[in-house]
Amino acid sequence: MATTKTTTRTSVRKTPILRFAHPFFTTAPPENRAPVPGMGKQLLTHIQQKLQPIPAAKRTPTMTLADVIGAQGESDVTNSGSISFHAVGDTGKSANSPHGAVAEAMATDFNVGAPASSPAFFFHLGDVIYGPNKDVNYRPEFYEPYVHYPGKIIAIPGNHDGETFPKTDPTTCKAFQANFCAPSQTVPPIAGTIFRQTMNQPAVYWLLDAPYVQIVGLYSNAAENPGFISGTIPGQAQKTWLSKALQSISAQRKAGARKALVFATHHPPFTAGGHSPSTEMLTDIDGVCQQAGVMPDLFLSGHAHSYQRYTRELTFNGRPLQIPHIVAGTGGINDQAVPQATGQKTGDHTFVKSMKGYGYLLLEASNSNLTSTMFAVDPTTKAKTAFDKVNVDLATNRAG
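Quick caveat, the model's predicted, so the values are computed rather than measured. (Residues numbered from 1 in each chain as written. Predicted model: local features only at pLDDT ≥ 70, side-chain atom pairs only at ≥ 80, totals over all residues. Heavy atoms only, no water.)

### Topic: helix H5 (residues 98–107)
Here's step 1: Counting buried residues along H5, 8 of its 10 residues qualify, which places the element largely inside the surrounding structure.
Here's step 2: Within the sequence span of H5, burial applies to His99, Gly100, Ala101, Val102, Ala103, Ala105, Met106 and Ala107. (Buried < 20%, exposed > 50% of the residue type's maximum accessible area, 1.4 Å probe, protein only. Helix = DSSP H or I, 4+ residues; strand = E, 2+ residues; numbered from the N terminus.)

### Some details on the nonpolar core
Here's step 1: Counting residues in each nonpolar core, the largest one holds 103 residues, and the members touching the most others are Ile83, Phe121, Phe123 and Leu300.
Here's step 2: Listed in part, the 5 residues of the second largest apolar core include Leu44, Leu51, Ala223 and Phe228. (Core = buried A, V, L, I, M, F, W, Y, C linked by side-chain atoms within 4.5 Å.)

### Focus: the side chain of Asp284
Here's step 1: Within the secondary structure, Asp284 is located in helix H10 (residues 279–292).
Here's step 2: Residue classification places Asp284 among the buried positions, given a relative accessible area of 15%.
Here's step 3: Side-chain polar atoms of Asp284 contact the side chain of Ser230, separated by 2.6 Å. (Polar contact = N/O pair within 3.5 Å; in protein donor to acceptor, adjacent residues only side chain to side chain.)

### Thoughts on the sheet that holds strand S3 (residues 122–124)
Here's step 1: Read from one edge to the other, the open sheet built from 7 strands follows the order S4-S3-S2-S13-S14-S15-S16, with strand pairing classed as mixed. Each having just a single partner strand, strand S4 (153–155) and strand S16 (398–399) make up the two edges of the open sheet.
Here's step 2: Sitting on the sheet, H5 touches strand S2 (83–88), S3, strand S13 (358–365), strand S14 (369–377) and strand S15 (384–393), and the angle it makes with S13 is about 30 degrees. (Pairing = 2+ DSSP bridges. Contact = heavy atoms within 4.5 Å. Axes fitted to C-alpha atoms, helices over the stretch in contact; angles between N-to-C directions.)

### So, the packing of aromatic side chains
Here's step 1: Under the defined criterion, the tally for this structure stands at 19 aromatic pairs.
Here's step 2: A ring pair is formed by Phe110 and Tyr149, whose centres lie 5.1 Å apart and whose planes are at 90 degrees; its orientation type is edge-to-face. You can see Phe110 sitting in the loop between H5 and S3 and its partner Tyr149 sitting in the loop between helix H6 (134–143) and S4, a full 39 residues away along the chain. The exposure classification of Phe110 matches that of Tyr149, with both residues buried.
Here's step 3: Taken together, the ring pairs connect Phe110, Phe122, Tyr138, Phe142, Tyr143, Tyr146, Tyr149, Phe176 and Phe180 into an aromatic cluster. (Phe/Tyr/Trp six-rings, centres within 6.5 Å; stacked < 30°, edge-to-face > 60°.)

Written out as C-alpha cells, the structure is:
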C-alpha cells in the first residue's frame, strides 16, 4: 500500500504571520525598530522596491510654446505682454460627471475673438486615467470630457498613469506616452470623430520654455505615497536632466533674462488631506536647486483630491523667499475631505487656504508677476466662482 507524504502547514510557511497588515504599525521611530528581512526598518523601503522605471526621453526634454501651439501662437502670446494657462489634476471620469463640469467651466475662459489673451494651454497635473485598460479608456475619460475645450493639453503622469496591470497594462506609462509623447500631433484612432490631437512631448518629464514663464514638469512615479523623482529603480536620468535644466536657467538669469519659474510634480511636497506629503522627494529636488542656485516661484501638485495652498518661507542664497505650494487635485475624479486652513505652521511652511470640492487653476505670468486663481466649480450647475488667489512679485519673491 502506497504511503502519502503529508506536509504540515508550519513546514511550508516561509514568513511569519504578522499581527497587523504591515510590520511597522508601531510608535517606535525607525532607528529603534528591529529590521525586517528585505524591508529594513521602515515601509518606505518596500515602496521604493515597487517603483517603476522612468520611460526614457525620446529627445532632449525641452520644448517651447511654439512646439505646443505653433510659431504664430507663440508670437501672439509674446506680443500680448503676458501668458495665461490652466492647471489641475486628478480627472479620470466621463463627460457626464464633475470632471466634465470642470472641463466645461474651463472652456468659458476662452475668447474666440481674442485668442492671444485666451489660455495658451491646459497643464494636466497627473492621474489622467485610473485603473486597468488605460488605452481604451482614453476615449471616455479624456477625449470625450474635453470635446468642447479648445486649448491644447500638456501633462505629467500621475501615479495611476504609471501603475501597471499584468493583463491590460503591463508597461508603465504606455497609454500616457501614446497620447502625450507621440511622434507628432495627430488625431489618434481612439478619439473617433472627436478632433483632438495627441501631444508630442519629448518625455514624461520636461521643461516648457514659454514667453514669460518656464515650467518644469517632473514625474514622481507610480507609488500611492510618497513621490520620487530618482532612485534605484527609477534611475538618475530625470534628476541629472533637472540639474542641467536649472543650471541653464541660472545662467539665463545671471545674463538678465528672468522668467517666472513653476515646478510641478503629481505628488505634493505638502498636504493635509487625503494623502501624505512627499518630504523625501522635496529634499531631492531642493538638493538640485541648491546646486544650481535656483528655486521655483511656484510649486504645483495634484494627487490629493482637494484644493490646498501653502506658503513656504526660506532663505536662499541670502535672500528671503515666499514660495506658494498649491495642491489642485480637483479635476473631477472625486472630492476628499481636507482640514480647514487657519494659518497652521509646520516647519518652513504655513497652511493658508483649503477647499473640498471641484475646480481648476488659471495662472497668469508677466515680466513682473505670477498669479494663480482657483475657481471652484459647482458640478451640477457648472457655475464657477473665484475661491482663492495668490500673486508672486518676481522682483521681491513675496507672495500675497
